[in-house]
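Here is what each chain is made of, one letter per residue.
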Amino acid sequence: MADLGISHTHVNQYGSVVDKKPLTARHRLQTMLHGAIFTAAFLFVVAMVCGLVG
């Protein structure tokens, strides 16, 4: 690894793509919930900007 001023242990702290565990049903559900909340908030802001709400 190139000397970027960080040790290998520090880099390995974040894991690698190879070490990724399969997604659990709870994690998948949580990801979908966060996506739905983000989408609803975005659409609400768009509606406010367009004058449909408020």
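No experiment lies behind these values; they were computed from the predicted model shown. (Residues numbered from 1 in each chain as written. Predicted model: local features only at pLDDT ≥ 70, side-chain atom pairs only at ≥ 80, totals over all residues. Heavy atoms only, no water.)

Student: Is there a simple way to think about the overall build of the protein chain in this case?
Tutor: For the protein chain, the helix and strand inventory stands at 2 helices and 0 strands. Counting only residues that meet the buried cut, the protein chain has 2% of its 54 residues in that class. Counting every atom, the protein chain has about 5300 Å² of accessible surface; 68% of that belongs to carbon and sulfur. (Helix = DSSP H or I, 4+ residues; strand = E, 2+ residues; numbered from the N terminus. Buried < 20%, exposed > 50% of the residue type's maximum accessible area, 1.4 Å probe, protein only. Areas by Shrake-Rupley, 256 points an atom, 1.4 Å probe, with all protein chains shown as cover.)

Student: Just checking my understanding: could you explain helix α2 (residues 25-49) for this structure?
Tutor: Each full turn of the α-helix corresponds to 3.6 residues, which orients residues three or four apart in the same direction. The end-to-end C-alpha distance of α2, which contains 25 residues, comes to 36 Å, matching closely the 36 Å that a straight helix rising 1.5 Å per residue would cover. Looking one or two places after α2, you find Gly51, whose phi comes out positive at around 85 degrees. (Expected span 1.5 Å × (residues − 1).)

Student: Explain a nonpolar patch on the surface here, please?
Tutor: A surface patch of nonpolar side chains, amounting to about 610 Å² of accessible area, comprises Phe44, Val45, Met48, Val49, Leu52 and Val53. Within the secondary structure, Met48 sits in helix α2. Under the relative-accessibility criterion, Met48 is labelled partly exposed at 44%. (Patch = residues over 30% accessible without salt bridge, like charges linked within 9 Å, V, L, I, M, F, W, Y side chains within 5 Å. Salt bridge = Lys/Arg side-chain N within 4 Å of Asp/Glu carboxyl O.)

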